[in-house]
Amino acid sequence: MRAQNMDRDWISTARTLSEAVPFLQRYAGAVVVVKFGGNAMGDADAMASFARDIVLMKQVGMNPVVVHGGGPMINQMLDKLGIKSEFIRGKRVTDQATVEVVEMVLTGLVNKRIVQAIMDEGGRAVGLSGKDDDLMVAEADDPELGFVGRPVEMNVQVLRDLYGAGIIPVVAPVATGMNSLETFNVNGDTAAGAIAGALQADRLLLLTDVSGVKDADGKVVTQLSPEQVRQMTQDGVIAGGMIPKTETALKAIEDGVRAVVILDGRLPNASLLELFTEHGAGSIIRSSESRVKTRGNAT
């Protein structure tokens, strides 16, 4: 008979699993849209860890939908092809040649890497873009920027069909336009927010390279209402790259998403910490009516 050494790590693991039960029950059947991007996309170990988390979410009865970016990969390919970029007010002008590279990189290289990573971890995944089944129809967000799009019509039944069949959808933020053979590049956060709103998702997780929304003292604010976000933006506390993320969060909540979380995707198992632990991870934004006393109680 083999003797077992019940060390503290094993006991801690068992305790963590036990404490996760109410959260597993809470999220059974829930739709969770996860925006994946940042430095983690270029790291094989981080990619595998992310994929494992997504597979676990599906395994315990949730319906994850992955939306990804790929800016660094696009930049690398443009450099290789010798396509120079022009910028207006800090934003890249996306002409016909550039949008073709964007589509090639996002729907081909990046999308299929994520699909493969999920499959390698034992899940089932299908990659698609906003052009498939007219999932995301866009129009020019700013005519000066060319083919940079803003979603104006969402057709998400294809996503419901996929996760209803036990498959994890992985979406590249490339949209079709109103005109024949028109293609738009859509910001990854914007695309994730539009998809989450159209699905009436329970959660939208925006994985970033920062730990969350910070107050004037540089400390992460764990819970925020839309009113607080607007006030912090007006006061200049929320600034720079955090503004478009919080704007995405506010729009998603207006469209019916129950809550949006901005969290650090570089943190191991960030999504699981947010969903299945009492303390959560990052900054959760939800309407005042749905807020509760403790950070971890997901309502």
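This paragraph deals with the overall build of the protein chain. Check the secondary structure of the protein chain and you find 10 helices and 14 strands. Counting over 299 residues, the protein chain shows a buried share of 49%. Contacts spanning at least 24 positions in sequence make up 70% of the contacts within the protein chain whose residues lie at least 6 apart. Carbon and sulfur atoms form 51% of the exposed surface of the protein chain, whose accessible area is close to 14500 Å².

Counted under the stated rule, the structure contains 10 salt bridges. A salt bridge links D264 to R266, with the shortest nitrogen-to-oxygen separation between them at 2.9 Å. Using a relative accessible area of 15% as the deciding quantity, one classes D264 as buried. By relative accessible area, which is 47% here, R266 ends up partly exposed. Connected through salt bridges with shared partners, the residues K35, D189 and K245 form a single ionic network.

Here the structure, examined in full by the defined rule, presents 2 aromatic pairs. The interplanar angle of 5° and the centroid separation of 3.9 Å between the aromatic rings of F36 and F50 together place this pair among those described as stacked. Of this pair, F36 sits in strand β1 (residues 31-36) while F50 sits in helix α3 (residues 44-59), and the two are 14 residues apart along the sequence. Its relative accessible area of 2% is what places F36 among the buried residues. A residue is classified by how much of its surface remains accessible, and F50, at 7% relative accessible area, is buried.

Within helix α8 (residues 226-234), burial applies to P226, V229 and M232. Buried residues of α8, seen end-on, are gathered within an arc of 125° and therefore sit on one face of the element. Contacts from the buried residues of α8 go to β12 (223-224), α9 (242-254) and β14 (283-285).

Time to look at a negative patch on the surface. A contiguous patch of negative charge on the surface is contributed by D132, D133, D134, E153 and D161. On the secondary structure map, D132 appears in the loop between β5 (125-129) and β6 (136-140).

The predicted model of the protein chain has a mean per-residue pLDDT of 87, with 86% of residues at 70 or higher. The model gives residues 291-299 a pLDDT under 50, and that stretch makes 39 contacts with residues more than four places away or in other chains.

Residues V34, F36, I54, M57, V66, I114 and I118 are the most contacted members of the largest nonpolar core, which totals 42 residues. Among the elements of the structure, β1, α3, α4 (71-81), α5 (96-120), β8 (168-172), β11 (203-208), β13 (259-264) and α10 (270-276) are those that each provide at least two residues to this core. Ranked by the residues each element gives to this core, the list is headed by α5, at 9 residues. Once you skip the residues sitting within four places of it in the chain, I118 turns out to touch A51, I54, V55, G123, R124, A125, I168 and V170. Core analysis: the next-biggest nonpolar cluster, separate from the first, contains 41 residues, V31, Y163, V171 and I285 among them.

Our next topic: the sheet that holds β13. With respect to topology, 8 strands assemble into an open sheet ordered β5-β8-β2-β1-β11-β13-β14-β12, the strand pairing being mixed. Both outer strands of the open sheet, β5 and β12, are each paired with one neighbouring strand and no more. Note that β12 and β14 share 2 bridges and pair parallel. Directly across from L224, in β14, lies its bridge partner I285. Along the sheet, α9 makes contact with β11, β13 and β14, crossing β13 at roughly 155°.

Rules behind the numbers
Residues numbered from 1 in each chain as written. Predicted model: local features only at pLDDT ≥ 70, side-chain atom pairs only at ≥ 80, totals over all residues. Heavy atoms only, no water. Helix = DSSP H or I, 4+ residues; strand = E, 2+ residues; numbered from the N terminus. Buried < 20%, exposed > 50% of the residue type's maximum accessible area, 1.4 Å probe, protein only. Contact = heavy atoms within 4.5 Å. Areas by Shrake-Rupley, 256 points an atom, 1.4 Å probe, with all protein chains shown as cover. Salt bridge = Lys/Arg side-chain N within 4 Å of Asp/Glu carboxyl O. Phe/Tyr/Trp six-rings, centres within 6.5 Å; stacked < 30°, edge-to-face > 60°. Arc of directions from axis to C-beta. Patch = residues over 30% accessible without salt bridge, like charges linked within 9 Å, V, L, I, M, F, W, Y side chains within 5 Å. Lys, Arg positive; Asp, Glu negative; His and termini not counted. Charge placed at Lys NZ, Arg CZ, Asp CG, Glu CD. pLDDT = per-residue confidence, 0-100. Core = buried A, V, L, I, M, F, W, Y, C linked by side-chain atoms within 4.5 Å. Pairing = 2+ DSSP bridges. Axes fitted to C-alpha atoms, helices over the stretch in contact; angles between N-to-C directions.

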